[in-house]
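# A look at the structure
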Amino acid sequence: MKLRAERTEFADAVSWATRTVGARVTLPALSGVLLEAGEGKLVCRATDLEVAAEIAIPVQIDEPGRVLLPGRLLAQLVARFPDAPVELTGESDRVEISCGRATFHVRGMQAEDFPSLAGPAEDAPSGRLRADAFARMVSQVARAASTDEGRPVLTGVQVTAADGRITAAATDSYRLAVRSLDFEDAIEGSALVPARSLQEAAKAATEVGGSVTIILEEGQVSFLFGDRRLTTKLIEGSFPNYRALLPDAHETSVVVERAALAEALQRVAIVAMGQANTPVTLTFTDGSVELAATNQEMGDAAEAVPAEIEGDGLSIAFNPGFLLGGLEATGTDRVRIELRDGLKPAVLRPHQDDTEAATDDLTYLLMPMRVS
Amino acid sequence: MRLLVTRCSATYDGRLSSTLSEAVRLVMVKADGCVAIHADVGAYKPLNWMNAPNSLTDEGDRWVVTNPKGERLVIELHEVLEDVSYELDTDRGLTLDGVESELQALLAEHPAHLEVGLTCVQREFRTDLGPVDLLCRDPDGGAVAVEVKRIGEIDGVEQLTRYLERLQRDPLLAPVRGLFAATTVRPQARVLAESRGIGWVEVDLGVLRGEEEPHPRLF
């Protein structure tokens, strides 16, 4: 193999492939990045058998070929190269990489050992979304997914495509985030996608921009962004029927400035910190919401924020981290909180005073805590 | 309870003979007369012990424990590092977790732990082969018969199969789905349940009681 690549493109490609796949290596070949040069482009591939990342960049090829090089080492090297074209020469057992006056010889691995993972089928139906809207949806929803591998289905985001819309839902059983979005080109189907993979896909969508193509297949889903592709295996098992959890009515509705509430919450939560499961209590009364936290060792804190309240006043306690997550997810200047009573789940939604203005179709359901 | 931390050696004569060479050990004399010599290893099991009834003769630096069966344990106390006595509370007995009736009551109260959206219609729903633990309805209105066990084994699945067969005859209920719930469902019971189209679910008693869970869950 002999090729010449533009340094920034090459560095970005190697770094993206290695970073996207992560470091869960079970086979030596999985620590490698497969470089395949042919037809005027260099394709970089990495996989951990769960997620596969592929990126193609234009290069000048003198001799086509394929080599498997240690991913992290290569990424570290090229990140520090001077701003000059990068040249790769040689075969897997010894590859010469040079850039400016720097020359490295890297021992590669057998390219045949790199697992060949099936990409999406040519004729698989594909849906298309705006990349920025997709990334935003993922950032709003994936935060509610569980990190507890003991319940694998909850570490995923349930993605459902139907009636021209895509709906993403995630829950760790304490909270649930659901968001829908219109397709540009629609598909039908559903998939339980690992939250981490989806977050990587969202990151790539933000970097590349434009639109993202989604290909849903049996057992896997692929996301295509320009010359990048991320394919991930799906989580087996059935996601809870979350629609049954969404309340269809509320007794009290509160509209409050998001930043003011979030800041007050973070201040009051300082007292709650250090003691696991210390809730922050929100008391909704005439024209304000009072936040309070008590920690037997540290003391207590209280702060009031103006709020528009419709319905009866009430008190409800939340895990401050989960509430803050919900406030961040809504994204609007003002948020609406819908409540039934102090022990039933609350719903957070984005709020616009102008009823004509578009808001994200987001529902963030949050289970309150008991206060003794 | 008398506890002695002591550098000691011991000899036992009875069903067999054994000798413990000199070392620092814990000698425990219980109020009922049991004597046990513990090392810092071996979990609950003493190196040497004599079950009550015993008689203990304290000869200062030498204890002689004998019992009516003619067994004899002699402990030579070379150095006593600690000698304390406490009066312990009378035994309240061991309470085993996971009693089925408690599980049944908790699941009747929180059927969402069995399946999201499930509501409990009746506990101990009668069939002519005996009562099924819980009769529930799913969000679509379908009837679900639930059998609750502490440990889910094959015989529990068999039992639920029999109830289901009777319940399917009730036109007001049929079709009835089966759900087998236990804190642990054995692999064979899972296979049998699945082969018969019966669902199974493992429930966490601690979570159900809300003891380990100050933060209630959505489901």
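Structure first, text after, so check above.
Cut-off values and rules
- Residues numbered from 1 in each chain as written.
- Chains lettered and ligands numbered in written order.
- Predicted model: local features only at pLDDT ≥ 70, side-chain atom pairs only at ≥ 80, totals over all residues.
- Heavy atoms only, no water.
- Helix = DSSP H or I, 4+ residues; strand = E, 2+ residues; numbered from the N terminus.
- Buried < 20%, exposed > 50% of the residue type's maximum accessible area, 1.4 Å probe, protein only.
- Contact = heavy atoms within 4.5 Å.
- Areas by Shrake-Rupley, 256 points an atom, 1.4 Å probe, with all protein chains shown as cover.
- Axes fitted to C-alpha atoms, helices over the stretch in contact; angles between N-to-C directions.
- Parallel < 35°, antiparallel > 145°, perpendicular 65-115°, else oblique.
- Nonpolar A, V, L, I, M, F, W, Y, C, P; charged D, E, K, R; others polar.
- Core = buried A, V, L, I, M, F, W, Y, C linked by side-chain atoms within 4.5 Å.
- Pairing = 2+ DSSP bridges.
- Buried area = accessible area lost by both parts, 1.4 Å probe.
- Salt bridge = Lys/Arg side-chain N within 4 Å of Asp/Glu carboxyl O.
- Polar contact = N/O pair within 3.5 Å; in protein donor to acceptor, adjacent residues only side chain to side chain.
- Expected span 1.5 Å × (residues − 1).
- Phe/Tyr/Trp six-rings, centres within 6.5 Å; stacked < 30°, edge-to-face > 60°.
- Lys NZ or Arg CZ within 6 Å of the ring centre and 35° of its normal.

A few words now on the overall build of chain B. The helix and strand tally for chain B stands at four helices and 12 strands. Counting over 219 residues, chain B shows a buried share of 40%. In chain B, of all internal contacts separated by at least 6 residues, the share reaching a separation of at least 24 is 47%. As displayed, chain B has an accessible area near 12,500 Å², and 50% of this comes from carbon and sulfur atoms.

Further remarks concern the packing of helix α2 (residues 154-167) of chain B against helix α3 (residues 187-195) of chain B. All names here are of chain B. Direction vectors running N to C along α2 and α3 enclose 25 degrees, while the axes themselves pass 8 Å from each other. As the angle between them shows, α2 and α3 are arranged roughly parallel. Of the residues in α3, those touching α2 at Ile154, Val157 and Glu158 are Gln188, Ala189, Leu192 and Ala193. Of the residues belonging to the contact of α2 with α3, the class tally is five nonpolar, one polar and one charged.

With that settled, the discussion passes to the nonpolar core. Phe10, Leu35, Leu88, Phe134 and Phe223 of chain A are the most contacted members of the largest nonpolar core, which totals 106 residues. Tallying contributions element by element places helix α5 (residues 258-272) of chain A first for this core, with eight residues. Those residues in contact with Leu88 of chain A, other than ones at most four positions away along the chain, are Met1, Lys2, Leu3, Phe10, Leu35, Leu69, Val95, Glu96 and Ile97 of chain A. Residues Ala143, Ala145, Leu192 and Ala193 of chain B belong to the second largest nonpolar core, which totals 19 residues.

Okay, helix α3 (residues 131-141) of chain A next. Within α3 of chain A, eight of the 11 residues are buried, leaving the element largely enclosed by the surrounding structure. For α3 of chain A, the full list of buried residues reads Ala131, Ala133, Phe134, Ala135, Met137, Val138, Gln140 and Val141 of chain A.

Glancing now at the sheet that holds strand β1 (residues 2-13) of chain B. Residues and elements named next belong to chain B. Read from one edge of the open sheet, seven strands run β4-β3-β2-β1-β7-β6-β5, paired in antiparallel fashion. If you trace the sheet from one side to the other, it starts and ends with β4 (48-50) and β5 (55-58), each paired once. Across the sheet, the mean angle from the axis of one strand to that of its neighbour is 30 degrees, orientation sign disregarded. Examined bridge by bridge, β1 and strand β7 (residues 72-85) share 12 bridges and lie antiparallel to one another. Counterpart to Leu3 in the pairing with β7 is Val84.

Before going further, it helps to examine the interface of chain B and chain A. Opposite the 10 residues of chain B that make contact, chain A presents 21 residues. Counting the surface chain B buries against chain A, the share from its top three residues, His215, Leu218 and Phe219 of chain B, is 51%. If you look at where chain B meets chain A, you find zero salt bridges. Inspection of the chain B/chain A interface yields three residue pairs in polar contact (both at pLDDT 80 or more). Residues belonging to the side of chain B that touches chain A are distributed by class as follows: six nonpolar, two polar and two charged.

Moving on to the pairing of strand β24 (residues 346-351) of chain A. Residue and element names in this part refer to chain A. Most of β24 is tucked away: five of the six residues are buried. Note: strand β23 (residues 334-339) against β24, five bridges, orientation antiparallel. Its bridge partner lying in β24, Glu338 is registered against Val347. Alignment of β24 against strand β25 (residues 361-366), held across three bridges, turns out to be antiparallel. Its bridge partner lying in β25, Ala346 is registered against Leu366.

The tally for this structure, following the rule as stated, stands at 38 salt bridges over all chains. Across the pair Arg349 of chain A and Glu338 of chain A runs a salt bridge whose closest N-O atoms are separated by 3.3 Å. Here Arg349 of chain A is found in strand β24, whereas its partner Glu338 of chain A is found in strand β23, with 11 residues between them in sequence. For Arg349 of chain A, a relative accessible area of 22% translates into the label partly exposed. Asp128 of chain B is the salt-bridge partner of Arg166 of chain B, the closest N and O atoms lying 2.8 Å from each other. With a gap of 38 residues between them, Arg166 of chain B in helix α2 and Asp128 of chain B in the loop between β8 (119-125) and β9 (132-137) connect regions that are remote in the sequence. The exposure class of Arg166 of chain B is partly exposed, given its relative accessible area of 24%. Under the relative-accessibility criterion, Asp128 of chain B is labelled exposed at 60%. Each member of the salt-bridge network shares a partner with another, and the members are Arg19, Glu200, Lys203, Glu207 and Arg228 of chain A.

Our next topic: helix α1 (residues 7-21) of chain A. Side chains three or four residues apart in an α-helix point the same way, a direct result of the helix having 3.6 residues per turn. With 15 residues, α1 of chain A extends 22 Å between its outermost C-alpha atoms, agreeing within 8% with the 21 Å of an ideal straight helix rising 1.5 Å per residue. Every buried residue belonging to α1 of chain A is among Arg7, Phe10, Ala11, Ala13, Val14, Trp16, Ala17, Thr18, Thr20 and Val21 of chain A, and all of these are buried.

Moving on: the side chain of Ser9 of chain B. All names here are of chain B. Summarising the element assignment, Ser9 is placed in strand β1. Looking at Ser9, its side chain comes within polar contact range of the side chain of His78, at 2.9 Å. Ser9 has contacts with Leu20, Ser21, Glu22, Arg25, Val74, Ile75, Glu76 and His78, leaving out every residue within four places of it along the chain.

All names here are of chain B. Of note, the bond from Ala52 into Pro53 is cis; its omega dihedral lies within 30 degrees of zero at 0 degrees. Relative to the assigned elements, Pro53 resides in the loop between β4 and β5. A cis amide bond, omega 0 degrees, links Ala174 with the succeeding residue Pro175. Within the secondary structure, Pro175 is located in the loop between α2 and β11 (176-185).

It is worth spelling out the packing of aromatic side chains at this point. All names here are of chain A. Scanning all chains against the criterion turns up four aromatic pairs over all chains. Judged by centre distance (5.6 Å) and plane angle (35 degrees), the ring pair of Phe134 and Phe223 falls under tilted. Highlighted residues: Phe134 in helix α3 and Phe223 in strand β16 (residues 220-225), separated in sequence by 89 residues. Here Phe134 falls in the buried class, since its relative accessible area comes to 1%. One Lys or Arg, Arg228, reaches over the ring of Trp16 and ends 5.1 Å from the middle of that ring.

Residue and element names in this part refer to chain B. With 11 bridges joining them, β1 and strand β2 (residues 17-29) adopt antiparallel strand pairing. Within β2, the residue paired with Asp13 across the bridge is Ser17. Once β1 ends, the chain turns through three residues before running back antiparallel as β2. Bridging between β2 and strand β3 (residues 35-38) involves four bridges; their strand directions are antiparallel.

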